[in-house]
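# Understanding the architecture of this molecule
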Amino acid sequence: MSDDDHSGFFPSDEEDHVGPPAGSTDAFAAGRRVREEELAIAWVREPHVESPMRFAGNDESVPIRYRSDADRVCIGATYRGESGNAGPGFERAGPRAQVSFVPSRTTAAIVTCGGLCPGLNDVIRSIVRVLMGGYGVRRVLGIRYGYAGLTDVDIAPMELSPKDVGDIHKDGGTILGSSRGFPPMDKVMDGITGLGIDILFVIGGDGTQRGGHDIHVEAQKRGVPLAVVGIPKTIDNDIPWVDQTFGFETAVAEATKVVDCAHVEARSARNGIGLVKLMGRDAGFIAAHAALASSDVDVVLIPEVAFTLDGEQGLMGHIDNLLHWNGHALIVVAEGASHHFFNQDTQRLDASGNRLYQDIGPFLREQICKAFPKASMKYIDPSYSVRSAPANAADSVFCARLGQYAVHAAMAGKSDMLVGRWYGKFTHIPLSLIHRKRKSISPRSSIWRSVLETTGQPCLLPEEVRKD
Ligand code: F6P
């Protein structure tokens, strides 16, 4: 795999996947994968009403600093050499001087789709509060159980007010409920128009955002002035063109606690082996970060890096060495690492269209127990407790701000876009860019190098199959 394999959706050498690239990055190289015109954001209609948001909150001494569409955040933030070409940039998020919707006549709706993620309630709360408290929108609907709630007459939407969402951010999950899948488009559009929705906030991963894009296209086709604005959600952190997805930081913190427990168990037993399985279907960000945070992990197995079990250079050979030299071993495996072993049945998909993998955890536990019958094996799978946790402080801040920026974009009449953060600045990203490719860890990235430096793990492949 070359560096280039992941560079089309992340700063050119994808040095760091959750923040600005640490090393030298060629802005032009970063930009060449996406053309300026591909970053243009769609409009429902041109803004024509003066924004009712004139001050920050209720403080009349702090006038709002409006952003213009000309304010950009460069895709490549650092330069190599003297090319001096900043390349294309994302539209910068923020309140606009003019809006497209008359607040008193606007109905907004929020839908949460896919798996749970810390911070969902924080985002819902923030959207409701800014829409109603900031802009004076009078009707905000909470769509129940994902896109299904737009079509199923048995699950009526919730009417939301700032009071209803007052302290929901203290709880994990989503007050709206969630589900995977996308009902037939005709029914979805009928649901949207039937409810009189002018703005739809879509909180979900890449599949959900693909649905948002399709809704936008269909609305345009029907001549429905609907704004669709996405907020990127997945604990796997695999959405491209954003520094980080919300909930990821909480997920890493929760996962680290479990990894630390597994370490205590492993080092307290004679020939103790701790094995922790974490979520991460196609990207091993949670596993990599939890291992770095804990600093006690000996081996991290992720979908992006191949490994074998047997032979001196395989996982079992390495565990043997660890038991011999350290007396214990701690392994963290991301769920998607399973595709190295199972003949995956690509026909098996979940309702979101994601490939379903066999469970790597019990499989590895069995293999390790077989290879080390005298070892004390402790296996922990905290997957669902990690993602159902409430957001930590950093994620709560992030979610509150994502929700605010999403409202500013929608009220300005923007559509078919996602609110993200890039080099610490909030941005607008066309939805069409999101589903081209998922973000993942390049084995040559600085984050993987840090993992290798921390764990000291060798390449777990025999010489003859290693790639240079
Ligand atoms: O949202 C992504 C994710 O967390 C993946 O890591 C995982 O494979 C999937 O959700 C599992 O979700 P569920 O069991 O709800 O389908």
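Residues numbered from 1 in each chain as written. Predicted model: local features only at pLDDT ≥ 70, side-chain atom pairs only at ≥ 80, totals over all residues. Heavy atoms only, no water.

## Some points on the site of the ligand
Spelled out, the test is: Throughout, the term near means that a residue has one or more heavy atoms lying within 4 Å of the molecule or strand in question. What qualifies as a polar contact is a pair of N or O atoms within 3.5 Å, subject to a donor-acceptor requirement within protein and to the restriction that residues adjacent in sequence count only when both atoms come from side chains. Note that accessible areas follow from Shrake-Rupley with a 1.4 Å probe, and for residues the cover is restricted to the protein chains shown. In the scheme used here, Gly and all other residues not listed as nonpolar or charged are polar, with Ala, Val, Leu, Ile, Met, Phe, Trp, Tyr, Cys and Pro taken as nonpolar and Asp, Glu, Lys and Arg as charged. For each domain, the first and last residues come from an automatic or database assignment.
Around the ligand, the surrounding shell consists of R180, I235, D236, M279, G280, R281, E335, Y384 and R387. Between R180 and the ligand, the recorded distance is 3.0 Å, taken from a side-chain N or O atom to an oxygen atom. With respect to the ligand, the side chain of D236 contributes an N or O atom lying 2.8 Å from an oxygen atom. Relative to its unbound accessible surface of 400 Å², the ligand loses 80% to contact with the protein. Broken down by class, the residue content of the shell around the ligand amounts to three nonpolar, one polar and five charged. For the shell around the ligand, the two domains that each supply at least three residues are domain 1 (78-245 + 391-433) and domain 2 (248-388 + 442-467).

## Digging into the packing of aromatic side chains
Short version of the rule: Aromatic rings from Phe, Tyr and Trp, taking only the six-membered ring of Trp, are treated as a pair when their centres fall within 6.5 Å; an angle between ring planes under 30 degrees marks them as stacked, one over 60 as edge-to-face, and anything in between as tilted. Strands here are runs of E lasting at least two residues and helices are runs of H or I lasting at least four, both read from the DSSP assignment and numbered beginning at the N terminus. Type-normalised accessible area, obtained with a 1.4 Å probe on protein chains alone, sets the label of each residue: buried when under 20%, exposed when over 50%, and partly exposed for intermediate values.
Under the definition given, this model contains seven aromatic pairs. Ring geometry for F398 versus F426: centroids 6.2 Å apart, planes at 45°, classification tilted. Linking F398 in helix α10 (residues 393-411) with F426 in strand β19 (residues 425-430), this pair joins segments that are 28 residues apart in sequence. For the pair shown, F398 and F426 are each scored as buried. Residues W422 and Y423 carry aromatic rings whose centres are separated by 5.5 Å and whose planes lie at 75° to one another, so their mutual orientation is edge-to-face. There is no split in this pair, since W422 and Y423 are both buried.

## Points about the packing of helix α6 (residues 285-294) against helix α12 (residues 446-455)
For any two helices packed against each other, the geometry is given by the interaxial angle and the distance between the axes. Stated formally: In this analysis, axes come from line fits to C-alpha atoms, helices being fitted only over the stretch in contact, and the angle between any two N-to-C directions falls in the range 0 to 180 degrees. For this classification, under 35 degrees means roughly parallel, over 145 means roughly antiparallel, 65 to 115 means roughly perpendicular, and everything else is oblique. Left-handed describes a crossing whose near helix is turned anticlockwise from the far helix by less than a right angle; the clockwise case is right-handed. Working rule for contacts: check all heavy atoms of both residues, and any pair within 4.5 Å makes them a contact.
With their axes 10 Å apart at the nearest point, α6 and α12 run at an angle of 45° to one another. Judged by the angle between their axes, α6 and α12 are oblique. Remark: the crossing between α6 and α12 carries left-handed chirality. Listed contacts from α12 to A288, H289, A291 and L292 of α6 are I447, S450, V451 and T454.

## Structural notes on the confidence of the model for the protein chain
Where we set the bar: Each residue carries a pLDDT value, the predictor's own confidence for that position, ranging from 0 to 100.
Per-residue confidence for the protein chain averages 89 on the pLDDT scale, and 90% of its residues sit at or above 70. Counting contacts from residues 1-32, a segment whose pLDDT is below 50, to residues more than four positions away or on other chains yields 95 contacts.

## Looking at the sheet that holds strand β14 (residues 299-301)
Convention followed: In this analysis, strands are considered paired if DSSP registers two or more bridges between them.
If you trace the four strands from one edge of the open sheet to the other, you get β14-β15-β13-β16, paired in parallel fashion. A single partner strand is all that each edge strand has here, and the edge strands are β14 and β16 (376-380). Along the sheet, successive strands turn relative to each other by an average axial angle of 15°, direction set aside. Taken together, the seven bridges between strand β13 (residues 272-278) and strand β15 (residues 328-334) define a ladder with parallel strand orientation. Across the sheet, residue L275 finds its bridge partner in β15, namely I331. Docked against the sheet, helix α7 (residues 315-326) engages β13, β14 and β15, running at close to 145° with respect to β15.

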